[in-house]
Every structure is written in C-alpha cells, then in structure tokens.
Amino acid sequence: MEAATKRRCLAPAEITLIVLAVLAATLLCVTLVVAMPYMQQVEVDEDPLSLNIRQTEPSFSIPPETDSTAPTLPPPEANPYDRNDFQYDENNYLTCLEGESVVGIDVSYHQGDIDWEQVRASGVRFVMMRVGYRGYGESGKLVEDTNFRTNIQGALDAGLEVGVYFFSQALDLKEVEEEVDFLLERIEGYEIAMPVVYDWEYVSDEARTANMDARTLTDCSKHFCDLVQEAGYQPMIYFNRNQAAYLLHLEELVDYPFWLAAYTDRMAFPYKVDMWQYTDNGRVPGIEGAVDVDILFVYD
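A few points on the structure. (Residues numbered from 1 in each chain as written. Predicted model: local features only at pLDDT ≥ 70, side-chain atom pairs only at ≥ 80, totals over all residues. Heavy atoms only, no water.)

### Examining the environment of Ala121
Along the chain, Ala121 turns up in helix H2 (residues 116-121). The spatial distance from the C-alpha of Ala121 to the C-alpha of Ala158 is 9.4 Å, given a sequence separation of 37 residues. (Helix = DSSP H or I, 4+ residues; strand = E, 2+ residues; numbered from the N terminus.)

### Quick word on unusual backbone geometry
Although it is not a glycine, Asn92 adopts a positive phi angle of roughly 65 degrees. Note that Asn92 resides in the loop between strand E1 (86-88) and strand E2 (94-96). Here Asn92 falls in the exposed class, since its relative accessible area comes to 55%. (Buried < 20%, exposed > 50% of the residue type's maximum accessible area, 1.4 Å probe, protein only.)

### Digging into the side chain of Asp292
Position of Asp292 relative to the elements: it lies in strand E11 (residues 291-298). One polar contact links Asp292 to Gln277, side chain to side chain, over a distance of 3.2 Å. (Polar contact = N/O pair within 3.5 Å; in protein donor to acceptor, adjacent residues only side chain to side chain.)

### Describing the nonpolar core
Ile105, Trp116, Met129 and Trp276 are the most contacted members of the largest nonpolar core, which has 61 residues in total. Setting aside its immediate chain neighbours within four residues, Met129 contacts Val107, Trp116, Phe148, Asn151, Ile152, Ala155, Val162, Gly163, Val164 and Tyr165. With 18 residues, the next largest nonpolar core counts Leu49, Tyr165, Val203 and Leu296 among its residues. (Core = buried A, V, L, I, M, F, W, Y, C linked by side-chain atoms within 4.5 Å. Contact = heavy atoms within 4.5 Å.)

### Quick notes on the packing of aromatic side chains
Counted by the stated rule, this structure contains 15 aromatic pairs. Ring geometry for Phe166 versus Phe182: centroids 5.8 Å apart, planes at 65 degrees, classification edge-to-face. Linking Phe166 in strand E6 (residues 161-168) with Phe182 in helix H4 (residues 173-187), this pair joins segments that are 16 residues apart in sequence. With a relative accessible area of 11%, Phe182 lands in the buried category. On the numbers, 5.9 Å between centres and 45 degrees between planes, the contact of Phe239 with Phe269 is tilted. Of this pair, Phe239 sits in strand E8 (residues 235-240) while Phe269 sits in the loop between strand E9 (258-261) and strand E10 (275-282), and the two are 30 residues apart along the sequence. The class of Phe239 is buried, set by a relative accessible area of 0%. Taking the relative accessible area as the measure of exposure, Phe269 reaches 7% and is therefore buried. Three or more aromatic residues joined by ring pairs form one cluster here, namely Tyr81, Phe86, Trp276, Tyr278, Phe297 and Tyr299. We note Arg186 situated over the ring of Phe182; from NZ or CZ to the ring centre the distance is 3.6 Å. (Phe/Tyr/Trp six-rings, centres within 6.5 Å; stacked < 30°, edge-to-face > 60°. Lys NZ or Arg CZ within 6 Å of the ring centre and 35° of its normal.)

### As for the environment of Asp113
Within the secondary structure, Asp113 sits in the loop between strand E3 (100-107) and H2. With relative accessibility at 74%, the residue Asp113 sits in the exposed group. Put simply, Asp113 and Ile287 are 174 residues apart on the chain and 7.4 Å apart in space, counted from C-alpha to C-alpha. When neighbours within four sequence positions are excluded, Asp113 is seen to be in contact with Asn147 and Gly286.

### Topic: helix H5 (residues 214-230)
The end-to-end C-alpha distance of H5 is 24 Å, a good match for the 24 Å that 17 residues give at a rise of 1.5 Å each. By the burial criterion, the buried members of H5 are Ala214, Arg215, Leu217, Thr218, Cys220, Ser221, His223, Phe224, Cys225 and Val228. Those residues of H5 hidden inside the fold are in contact with H4, strand E7 (196-200), E8 and helix H6 (241-246). Here H5 starts with a cap whose side-chain oxygen sits 3.1 Å from the backbone nitrogen of Arg215, and that cap is Asp213. Immediately downstream of H5, the backbone of Gly232 shows phi near 95 degrees, a positive value. (Expected span 1.5 Å × (residues − 1).)

### Quick word on H4
Given 3.6 residues per helical turn, the α-helix brings residues three or four places apart onto the same face. Compared with the 21 Å implied by 1.5 Å per residue over 15 residues, the 21 Å span of H4 between its first and last C-alpha is a close match. Three or more residues of H4 are buried, namely Glu175, Val176, Glu179, Val180, Phe182, Leu183, Arg186 and Ile187. Relative to the axis of H4, the buried residues are bounded by an arc of 160 degrees and lie together on one face. Seen from the buried face of H4, the exposed residues on the opposite side, beyond 90 degrees, are Lys174, Asp181 and Glu185. Buried positions along H4 lie against strand E4 (126-134), strand E5 (142-144), helix H3 (148-157), E6, E7 and H5. The residue sitting at the N-terminus of H4 and contributing the capping side-chain oxygen is Asp172; that oxygen lies 3.2 Å from the backbone nitrogen of Lys174. Of the residues flanking the end of H4, it is Gly189, one or two places downstream, whose phi is positive at about 95 degrees. (Arc of directions from axis to C-beta.)

Structure, rendered in structure tokens:
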C-alpha cells in the first residue's frame, strides 16, 4: 500500500513563538551592532576626568611625618601673595593686583568643540591642553585625548600660547617613561611655548594608584620632569593642596615650577606657585559649559 504523507499545519501558538524568537534574535543583533563602538573603546570609561574627581579634594590618610625616607631640606620659597592680592577684571577673570599675571585655561575633550577665536577675544592668552591619560583600571592603558590634535591646532591658529599635560596613573618610573614617550611623540612638530606638565591625581580607592605613597609619587614627578627637560621642554608639576601636604615632598621638587589646583578666589597656599587653577567651573566665550581657568604668575 502506498504511504501517504501529510503536511501538518502549524498551530497559531507555534507561529507566535517563532515570530517572537525571530524578533528577539533581530533585537540582539541590533544591540550588538550599536554597542560595538563602545565595546571597542572601553578604555574611555577609565578616563579619570570622567569621574569628576576635581569636585572635592580627597583627604589622604598618610601623614608626611611617617615617611622617614624624605631628606631634610629647606621648604619651598614662600608665596609672595595673600588673600587680598586678587580681584576679577572686566572679563570676570581673576587677576593679581600686586604683580603681573596672565589668564589661561586648561581643556580636554570634555569641553567639546571650541571656538578658539572667541576664547582669545575674551582675554585668555594661553591654554594648557591634555595630550592623553593612563587609564585608572588594572591595565593602565595609555589613551590619547580625542580632541588633542584639533584643540592644539585651533589654539595655535588663534594666536594662543600652548602648553600640555598628561594625566598620569603611573605606578613606577618605568611607567613614567612610557608616559613621557607617549606625550613627546604627540607634541613633536607643534610650538609648545608653555610648560609640559605632570598631572597625577587621586582617583578613587579602586584605582590602580589607590595605594600611592609620597616617596613613590615624588620620585615619579621628578623623573617625568627630568625627562621632559632633557627633551628640551619646560616641565611643571600639577597638584592640589592635599597632595602637597600628604603625597609630595615639595622641598625635593623646587627645581621645577608648581601648578596649584585650589578652587577659591583667595590665595591661601603657603608656597610660591607659578600657575594657579582657581576654578573648575569657569565660563569662557567660545566654550559651551564649564572649563578650568588659570592664572600664570610672571615673576622678575
């Protein structure tokens, strides 16, 4: 007898399940495609500036007197300015009344697209820009600031004097050397009239540098400056007041200019500094949103 074959029709419930499975697979594919750029650029999540770490100054728990490796040296030169030596000018930039000072800003990709002609027209005369950073995660990957090349060319074209900084999360001298090589390679060919700065900052208790001590950070800071100076640039060291008190032996670093971060319009730091980042919430024409504003002191 000839076998008869019958084609079974799918029930409505089965059709619904198949349609849902296809839709779910399609949604998964679309999600992976959309997320791919972010998966490939995961290092951006390790940008220390994305954590708003400068909103408050951390209180470190390592008092300077516990570090017996610090040599006995005289303290840095006293600050010649006090709380009453500053006022805002017609452009709402803080200026020094008792000596010559110049207004500047410091930027990274967080400031977005910048109209450098407007910036200069507002009274700003120099800009410190981030070349890159080392991620604060375990890998410590070196990353170029995505707006660095656009920013430096735009600022130079507008007639601004330019300096640069690298946001370090180095753990030792070898990593400092990697950071210097990374930085020097990227600034080659540009006119750098302002300093090249070592910017190490506390990030969090989970960062790769959470256990940094004063001896190591002082050595790293000095090594960075020595290498930058050997390359023909003027080095500088950036720090806030807590770092100065607990994580740096400033008396060992007096051969290099200091850049202080202290968000106030009253100078209360005891030692002489060459640059002062007095706000991280400045408003400058040509920049949308907040920006760091600085004073450069011109000493005789």
